[in-house]
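Listed here are the chains, written in short residue letters.
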Amino acid sequence: MKKYLPAFITGFAAAVLSIVPGIKSFSCCLIVPGAVILALILDQKVNKNFERIQIGKAVMFGFMTGIFATIFITAFDLLITFITKTNDFVEALPQSEALIKEFKFGPMAEQSLKLMKQMAKEIQRTGFSGLYLFILLISNFITNTIFGIIGGLVGMGLLNKRRIED
């Protein structure tokens, strides 16, 4: 765990930033990659190792930061949803419903809409939905780890280039 402490810290920081309205939209594509770059910088400073970053290390830091960000983002989202008994999903459901009905996607879309309404009712009633948790966790995991790995590769390139220039 100590090896990935910078990833843990920056993953937590990314999660904190991702709950701020307005900034939340940039969570996956800017905040998480930025957190990985910062994790790589912190790792170099803590270990006083300024050698070239290998691709495996960059990918692993990206993946781990993405996982930590996923855990914290999901936890914060669930906590806020539990307290407020609403979230972005519940707020956007009427627009989603109108869109699905407008495009007439068929019976499968109707079943999906029924399931989404059930999730929204559970959230509004109890502040929690198991299906919402599962979907949130999977989607956060996929996006944060992919963008985390991309951030790790970008960070590797930037830090290795900076090392060459020095």
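Scope of this entry: the structure provided in the associated data block. Predicted, not measured: the structure shown is a model, and the values here were computed from it.

### Quick look at the side chain of T10
Here comes step 1: Relative to the helices and strands, T10 resides in helix 1 (residues 5-18).
Here comes step 2: Within the structure, T10 has its side chain in polar contact with the backbone oxygen of A7 (distance 3.4 Å).
Here comes step 3: Not counting the four nearest positions on each side in its chain, T10 is found in contact with A35, L38, A39, L42 and T65.

### Describing the nonpolar core
Here comes step 1: By size, the foremost hydrophobic cluster in this structure holds 20 residues, and its most contacted members are Y4, A7, I53, F61 and F68.
Here comes step 2: Mapped by element, the contributors of at least two residues to this core are helix 1, helix 2 (27-47), helix 3 (55-84) and helix 6 (130-165).
Here comes step 3: Tallying contributions element by element places helix 3 first for this core, with 8 residues.
Here comes step 4: Ignoring any residue separated from it by four or fewer positions in sequence, one finds Y4 in contact with M60, F61, M64 and F68.
Here comes step 5: F89, V90, A109 and M119 belong to the second largest nonpolar core, which has 13 residues in total.

### Comments concerning helix 3
Here comes step 1: Over its 30 residues, helix 3 runs 42 Å from end to end, which matches the ideal 44 Å to within 8%, given 1.5 Å per residue.
Here comes step 2: Of the residues trailing helix 3, K85 is marked for its positive phi of about 60 degrees.

Criteria and cut-off values
- Residues numbered from 1 in each chain as written.
- Predicted model: local features only at pLDDT ≥ 70, side-chain atom pairs only at ≥ 80, totals over all residues.
- Heavy atoms only, no water.
- Helix = DSSP H or I, 4+ residues; strand = E, 2+ residues; numbered from the N terminus.
- Polar contact = N/O pair within 3.5 Å; in protein donor to acceptor, adjacent residues only side chain to side chain.
- Contact = heavy atoms within 4.5 Å.
- Core = buried A, V, L, I, M, F, W, Y, C linked by side-chain atoms within 4.5 Å.
- Buried < 20%, exposed > 50% of the residue type's maximum accessible area, 1.4 Å probe, protein only.
- Expected span 1.5 Å × (residues − 1).

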